Number of protein chains: 2
Amino acid sequence: MPTTLKEIAEKINVSVSTVSKALKGYADVNPETKKLILKTAKEMNYKPNSFAVNLRTKESKTIGLIVPEIVHHFFSSVIKGIIAQAEKKGYLVIILQSNESYELEKKQLELLQNKRVDGILVSIANGTSKFDHFKEVIDNDTPLVMFDKIAKIIDCSKVIIDDRKAAYEATKYLIEIGCKKIAHFRGPLLPQNSIDRFLGYKKALEDFNIPYDSKLVYVLNDVSFEEGKYYAKKLVEEHKNVDGIFVNTDLVAIGAITAFNEMNIKVPEDISIVGFSNWFMSTVVSPSLTTINQPGFKMGKEAFKVLYKEIKAKKKNEKFRYKKVVLDTDLIVRNSTKPILKS
Amino acid sequence: MPTTLKEIAEKINVSVSTVSKALKGYADVNPETKKLILKTAKEMNYKPNSFAVNLRTKESKTIGLIVPEIVHHFFSSVIKGIIAQAEKKGYLVIILQSNESYELEKKQLELLQNKRVDGILVSIANGTSKFDHFKEVIDNDTPLVMFDKIAKIIDCSKVIIDDRKAAYEATKYLIEIGCKKIAHFRGPLLPQNSIDRFLGYKKALEDFNIPYDSKLVYVLNDVSFEEGKYYAKKLVEEHKNVDGIFVNTDLVAIGAITAFNEMNIKVPEDISIVGFSNWFMSTVVSPSLTTINQPGFKMGKEAFKVLYKEIKAKKKNEKFRYKKVVLDTDLIVRNSTKPILKS
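For clarity, every value in this text was computed on a predicted model and none was experimentally measured. Throughout, residues of each chain are indexed from 1 in the direction in which the sequence is written. Whichever chain is written first is A, and whichever ligand is written first is 1; the rest continue in order. Confidence filtering applies because this is a predicted model: local features only for residues at pLDDT of at least 70, side-chain atom pairs given and counted only at 80 or more, and all residues used for totals across whole chains, interfaces and linings. Side-chain metrics in this entry use all non-hydrogen atoms of the structure; hydrogen atoms and water are not considered.

A. A look at the overall build of chain A. By the criteria applied, helices consist of DSSP H or I runs no shorter than four residues and strands consist of E runs no shorter than two, each listed in order from the N terminus. In terms of regular secondary structure, chain A is built from twelve helices and twelve strands. Computed over C-alpha atoms, the radius of gyration of chain A comes to 26 Å, more than 25% over the 20 Å expected from 2.2 N^0.38 for 343 residues, which places it beyond the range of a compact globule. Projected onto its principal axes, the C-alpha positions of chain A cover 90 × 40 × 35 Å. Between two residues, a contact is recorded if the distance between any of their heavy atoms is within 4.5 Å. Residue pairs in contact within chain A that sit at least 24 positions apart in sequence constitute 72% of those at least 6 positions apart. Computed by Shrake-Rupley with a 1.4 Å probe, the accessible areas treat only the displayed protein chains as cover when residues are assessed. Entry remark: accessible area of chain A is about 15500 Å², with carbon and sulfur atoms responsible for 50%. The positive charge centre, built from 54 side chains, and the negative charge centre, built from 42, are 6 Å apart in chain A. Every radius of gyration here is taken over C-alpha atoms, with the globule rule written as 2.2 Å times N^0.38, N being the number of residues. In this tally, Asp and Glu contribute negative charge and Lys and Arg positive charge; neither His nor the terminal groups of the chain are included. For this purpose, a charge sits on NZ of Lys, CZ of Arg, CG of Asp or CD of Glu.

Written as structure tokens, this is what we have:
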């Protein structure tokens, strides 16, 4: 059992309140006595009761994190960044996984608030289309930062990439290497980032005078390897002469490459593919995948930094102006796209 | 700011202690008053102060988890299993990453104990060769379960696979398909699982009368993709006629495949490779990787289940007998190994 203040007090024959004051660092304890108490506490392996410390300081030094999925190269990189930065500032991180479910996300937000975490970081589930549960967190005065998958409608700090711009760059690259008929495998209809990536794709086509054809846009639900294979087959069945695909995420793009390899459709000779995220896997698939690099570890660090600023401001009763951090992405050219056209 | 008991009491004109008793479910409150208090608390969005609840129940309903690395298919699967099972029982999970460092692991164990978590799950860092920090946790009466990377010397519950048996099966398979000169890329010298995998490899050679040659065993430090490439090149420089490799982990095996592809050494025609873990990536590399399937999600669930049993036993002051759970592995045959010999 943990050592109690009483046991320390009895051992050196002082009062419990003297021990308590000495351990809290109060001034009105004789320095010699204080020294003896600290030494004894250490010898007896005393650990402060964090619940009592929490009650006193009203801080838990713990934050909550909700991600849609943990077994995911991008999110695990973000988690790593968050934990690394939190640890630097003495914070612990409670992690929950929403499984892309609105109901679970809502329940988990309540759980974290009941736990009195000092702040919450969240990347929104694909299933979420109502956002009142986030408003409640803010009304409840709990600092909240959204990252990657955010809600435009909610007024809070956000750490994101410019999905529209990144998707525009990816599609523009396919046009530059000479693709004329470019399909898009997009994510589900709700998440802001899959909307933005679609809009970036569409804008690039418009800017380069390629007619937009809604039939070339496939809406994925699971955003999985299997869906990538399935829609790659469906695409070649339904359309002739598609020579480029911009895919919402690497995992799906790798599924598509695998299906094309099986069908003896040559990547990139017959069809060029650009993914999104730069998962490690993209370097080992054959051909290796041209993709947008999304800085997960950095996003995690930045998200914690912004949250920490809000927690500190709240503690000092200072007004906090919500921050919007937009991180840079870049196009990584590998072997799933044709060489650039010489002009 | 959160609603206080005082605000509820003032609103309906009862004493704070009556509100407190009603919310704790004590019997000595008038049922009508109790009903009104619960209704008002709900309307005012009252949330119990978890620090105070913790002080009362001496439970935090939180467990700690230390893993060597989060951006890792196997560990993220384990984490997912732990969180899923913990949530079922109303527990939250604080996650820390030791970065394979003994110093960090030690500090993090202290941090979690100071936080008064109800129990700790840990997979040991490669850098750890002293184990007193785990003894302290046990002496401190905090339930502790080790999983995957464990310390034989520490008496506590463990959830593992039989690494030696799995490595034996992998090596035996290479022998069965006709490999005569089989190398081993092993993990660092300290972790028990890399020792056991090495011993399984060696035992299989002995049982099938293939002379063991220590020069064919390469000790890796980072256990990375790059090390896989590096040692694959070194292996073909230093040895002729190696026709099989058993590799400690998939990431390294994929590095080796990549290097062989670059050197125009044919896998599996010239050299067969078996990995370990069954990362998703193993299915997309070309050729796809034959490997040992290590049940990460299940290991996470089992680890929490055992910890939960110990927490419950401790709460009831019952004696708890440490458990050792050994999960099954199996060999997944893909295209990085030659077809089995017809006899």
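We are not done yet, so read on.
B. Focus on the sheet that holds strand β7 (residues 217-219) of chain B. Residues and elements named next belong to chain B. Read across the open sheet, the four strands follow the order β7-β6-β8-β9; overall the sheet is parallel. The open sheet has two edge strands with one neighbour each: β7 and β9 (272-274). This sheet shows a mean twist of 15° between the axes of neighbouring strands, independent of strand direction. Lines are fitted to the C-alpha atoms to define the axes, a helix being fitted only along its stretch in contact, and any angle between axes, read from their N-to-C directions, falls within 0 to 180 degrees. In the packing of helix α8 (residues 163-176) onto the sheet, the strands contacted are β6 (182-186), β8 (244-247) and β9, and the crossing angle to β8 comes to about 170°. Against the sheet, helix α11 (residues 250-262) contacts β6, β8 and β9, and its axis sits at roughly 160° relative to β9. Criterion used throughout: strands pair if DSSP finds at least two bridges between them.

C. Spotlight on the domain arrangement of chain A. How far each domain reaches was decided by an automatic or database domain assignment. Along its sequence, chain A is organised into domain 1 (5-48), domain 2 (57-161 + 296-327) and domain 3 (163-294). Taken over C-alpha atoms, the centre of domain 1 of chain A sits 66 Å from the centre of domain 3 of chain A.

D. Quick peek at unusual backbone geometry. Residue Pro287 of chain A is bonded to the preceding Ser286 of chain A through a cis peptide linkage, with omega at 0°. Along the chain, the position of Pro287 of chain A falls in the loop between β9 (272-277) and β10 (290-293). Residues Val267 of chain B and Pro268 of chain B are joined by a peptide bond in cis, for which omega reads 5°. Even without a glycine there, the phi angle at Asn99 of chain A is positive, about 50°. Examined against the element boundaries, Asn99 of chain A turns out to sit in the loop between β2 (92-97) and α6 (102-114). In this model, Asn278 of chain A sits at a positive phi of 60°, which is unusual for a non-glycine residue. Structurally, Asn278 of chain A can be placed in the loop between β9 and β10. Accessibility expressed as a relative area gives 17% for Asn278 of chain A, which makes it buried. Working definition: with a 1.4 Å probe on protein chains only, accessible area under 20% of the residue-type maximum means buried, over 50% means exposed, and in between means partly exposed.

E. Just the packing of aromatic side chains, in detail. Working definition: rings of Phe, Tyr and Trp (its six-membered ring) pair if their centres are within 6.5 Å, and the pair is stacked with planes under 30 degrees apart, edge-to-face with planes over 60 apart, and tilted otherwise. Counting across every chain of the model gives 28 aromatic pairs over all chains. Where Phe246 of chain B meets Phe276 of chain B, the ring centres are 6.3 Å apart and the plane angle is 55°; that geometry is what we call tilted. Residue Phe246 of chain B is found in strand β8, and its partner Phe276 of chain B is found in the loop between β9 and β10 (291-293); the two are separated by 30 residues along the sequence. The same class applies to Phe246 of chain B as to Phe276 of chain B, namely buried. In this analysis the charged atom, NZ for Lys or CZ for Arg, is taken to sit over a ring once it is within 6 Å of the ring centre and within 35 degrees of the ring normal. A cation sits over an aromatic face here: Lys202 of chain A above Tyr212 of chain A, 4.9 Å from the ring centre. Between Arg197 of chain B and the ring centre of Phe276 of chain B, over which it is positioned, the NZ or CZ distance is 3.7 Å.

F. Seen up close, helix α12 (residues 296-315) of chain A. Residues and elements named next belong to chain A. One fewer than the residue count of a helix, multiplied by 1.5 Å, yields its expected span. The end-to-end C-alpha distance of α12, which contains 20 residues, comes to 29 Å, matching closely the 28 Å that a straight helix rising 1.5 Å per residue would cover. Among the residues of α12, those classed as buried are Gly296, Met299, Gly300, Glu302, Ala303, Phe304, Val306, Leu307, Tyr308, Glu310, Ile311 and Ala313. In this structure, the buried residues of α12 make contact with β1 (62-67), α5 (73-88), β3 (119-122), β4 (144-147), β5 (157-161) and β11 (324-327). Asn317 lies just past α12 and shows a positive phi near 55°.

G. Quick look at the interface of chain B and chain A. Contacts between the two partners involve 48 residues from chain B, matched on the other side by 48 residues from chain A. Between chain B and chain A, the buried area comes to about 4800 Å², and carbon and sulfur atoms account for 64% of it. By salt bridge we mean one thing: a side-chain nitrogen of Lys or Arg within 4 Å of a carboxyl oxygen of Asp or Glu. The interface formed by chain B and chain A holds two salt bridges in total. Across the pair Glu69 of chain B and Lys80 of chain A runs a salt bridge, and its minimum N-O distance is 3.1 Å. The term polar contact refers here to a pair of N or O atoms within 3.5 Å; inside protein, the definition further demands a hydrogen-donor-capable atom paired with an acceptor-capable atom, and it admits residues adjacent in sequence only when both atoms are side-chain atoms. The interface formed by chain B and chain A contains ten residue pairs in polar contact (both at pLDDT 80 or more). Buried area: the accessible area, evaluated with a 1.4 Å probe, that two parts lose upon being put together, summed over both parts.

H. Representation of the relation of the copies chain B and chain A within the structure. When chain B is fitted to chain A, the best match, at an RMSD of 0.1 Å, comes from turning it 180° and sliding it 0.1 Å along the axis. Accordingly, the operation relating the two chain copies is best matched by a two-fold axis. Every residue of chain B has its C-alpha some distance from the rotation axis, and the shortest such distance is that of Ile94 of chain B, at 2.1 Å. By residue overlap, the copies meet face to face through one surface: 100% of the interface positions of chain B are interface positions in chain A. Superposing the copies works by least squares over the C-alpha atoms of residues that have pLDDT at least 70 in both of them.

I. Representation of the sheet that holds strand β7 (residues 217-219) of chain A in the model. All names here are of chain A. Strand order in the open sheet formed by six strands is β7-β6-β8-β9-β10-β12, with mixed pairing between adjacent strands. The sheet is open, and its two borders are formed by β7 and β12 (330-332), each paired with just one other strand. Neighbour-to-neighbour, the strand axes of this sheet turn through a mean angle of 20°, independent of strand direction. Bridge count between β10 and β12: three bridges; the pairing is antiparallel. Its bridge partner lying in β12, Asn293 is registered against Asp330. Packed on one face of the sheet, helix α11 (residues 250-262) meets β6 (182-186), β8 (244-247), β9 and β10 and runs near 155° to β9.

J. Structural context of the UniProt feature "domain: HTH cro/C1-type" (unreviewed entry) in chain A. In the UniProt entry, the feature "domain: HTH cro/C1-type" (unreviewed entry) is given for residues 4-39 of chain A. Between the C-alpha atoms that bound residues 4-39 of chain A the distance is 15 Å, and the span itself is 72% helix and 0% strand. UniProt positions are given in the numbering used here, feature names are shortened, and annotations may be inferred rather than shown by experiment.

K. Main features of the nonpolar core. Only buried residues count toward a nonpolar core. Its members are Ala, Val, Leu, Ile, Met, Phe, Trp, Tyr and Cys residues joined through side-chain atoms within 4.5 Å. Membership of the largest hydrophobic core comes to 153 residues, with the highest contact counts inside it found for Phe147, Phe185 and Ile273 of chain A together with Phe147, Phe185 and Ile273 of chain B. Core analysis: the second largest hydrophobic core is formed by 38 residues, Ile66, Val122 and Ile160 of chain A together with Val137 of chain B among them.

L. Examining the pattern of salt bridges more closely. Residue and element names in this part refer to chain B. In total, this model carries 26 salt bridges over all chains according to the counting rule given. Note that Glu100 is salt-bridged to Lys149, the shortest N-O span being 3.1 Å. With a gap of 49 residues between them, Glu100 in the loop between β2 (92-97) and α6 (102-114) and Lys149 in the loop between β4 (144-147) and β5 (157-161) connect regions that are remote in the sequence. Overall, Glu100 belongs to the partly exposed group, its relative accessible area being 27%.

M. The arrangement of the side chain of Ser277 of chain B in detail. Tracing the backbone through its elements, the reader meets Ser277 of chain B in the loop between β9 and β10. For Ser277 of chain B, the residues in contact, after removing those within four places along its chain, are Thr249, Asp250, Thr291, Ile292, Asn293 and Gln294 of chain B.

N. Structural detail: the environment of Asp222 of chain A. Residue and element names in this part refer to chain A. Mapped onto the elements of the fold, Asp222 is located in the loop between β7 and α10 (225-238). The exposed category is assigned to Asp222, whose relative accessible area is 60%. Along the sequence, Asp222 and Pro188 sit 34 residues apart, while their C-alpha atoms lie 8.1 Å from each other.

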